[in-house]
Amino acid sequence: MKKRVFKMEGIDCAHCAGKIERDLQKVYGESAVSLSFMTGRLTIEAEEDASDIEANVRTIAKKTEPDIVVTSVR
């Protein structure tokens, strides 16, 4: 498993954070995704060959919250 962490800046409400988390859970599994609205920290655990993680995160986040800034932490 590969753990990726992202900083999500500009999330305006907890509802939007929850929607982003649920949409990502549909892709990576319920136990593999965690997004904290308070810290803006998104953690995803996925298979090693999941090279499209960052693209998926950006696409789903921008669809829900167009002004969000997604930064890969590790």
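About the criteria used
- Residues numbered from 1 in each chain as written.
- Predicted model: local features only at pLDDT ≥ 70, side-chain atom pairs only at ≥ 80, totals over all residues.
- Heavy atoms only, no water.
- Helix = DSSP H or I, 4+ residues; strand = E, 2+ residues; numbered from the N terminus.
- Expected span 1.5 Å × (residues − 1).
- Buried < 20%, exposed > 50% of the residue type's maximum accessible area, 1.4 Å probe, protein only.
- Arc of directions from axis to C-beta.
- Salt bridge = Lys/Arg side-chain N within 4 Å of Asp/Glu carboxyl O.
- Core = buried A, V, L, I, M, F, W, Y, C linked by side-chain atoms within 4.5 Å.
- Contact = heavy atoms within 4.5 Å.

Chemist: What should I look at first to understand helix H2 (residues 53–64) in this one?
Modeler: Every α-helical turn comprises 3.6 residues, leaving residues that sit three or four positions apart pointing alike. Between the first and last C-alpha of H2 there are 17 Å, a value that for 12 residues agrees with the 16 Å anticipated at 1.5 Å per step. Taken residue by residue, H2 has Ile-53, Val-57, Ile-60, Ala-61 and Thr-64 as its buried positions. With its buried residues spanning 100° around the axis, H2 presents them on a single face. More than 90 degrees from the buried face of H2, the exposed residues found are Thr-59 and Lys-63.

Chemist: Please clarify how the pattern of salt bridges should be interpreted in this entry.
Modeler: Close approach of charged atoms allows side chains with opposite charge to pair. Taken as a whole, this structure holds 5 salt bridges when the rule is applied. Between Glu-54 and Arg-4 there is a salt bridge, with the nearest N and O atoms lying 3.3 Å from each other. Here the residue Glu-54 occupies a position in helix H2, and Arg-4 occupies one in strand E1 (residues 2–9), the gap between them amounting to 50 residues. Among the ionic pairs, Asp-23 bridges to Lys-63, the shortest N-O distance being 3.9 Å. Separated by 40 residues along the polypeptide, Asp-23 in helix H1 (residues 14–28) and Lys-63 in helix H2 bring together distant segments of the chain. According to the relative accessible area criterion, Lys-63 is exposed, its value standing at 58%. Here the salt bridges do not stand alone but share partners, grouping Lys-19, Asp-23, Lys-26 and Lys-63 into one network.

Chemist: Hey, could you run me through the nonpolar core in this one?
Modeler: Here is a general trend for soluble globular proteins: nonpolar side chains tend to be buried in one another's company. The biggest cluster of nonpolar side chains holds 19 residues, and the ones touching the most others in it are Met-8, Leu-24, Leu-42, Ile-44 and Val-57. Counting only elements with at least two residues in this core, the list comes to E1, H1, strand E2 (33–36), strand E3 (41–46) and H2. The contacts of Leu-42, once residues within four sequence positions are left out, are Arg-4, Val-5, Phe-6, Met-8, Leu-24, Val-33, Ser-34, Leu-35 and Val-57.

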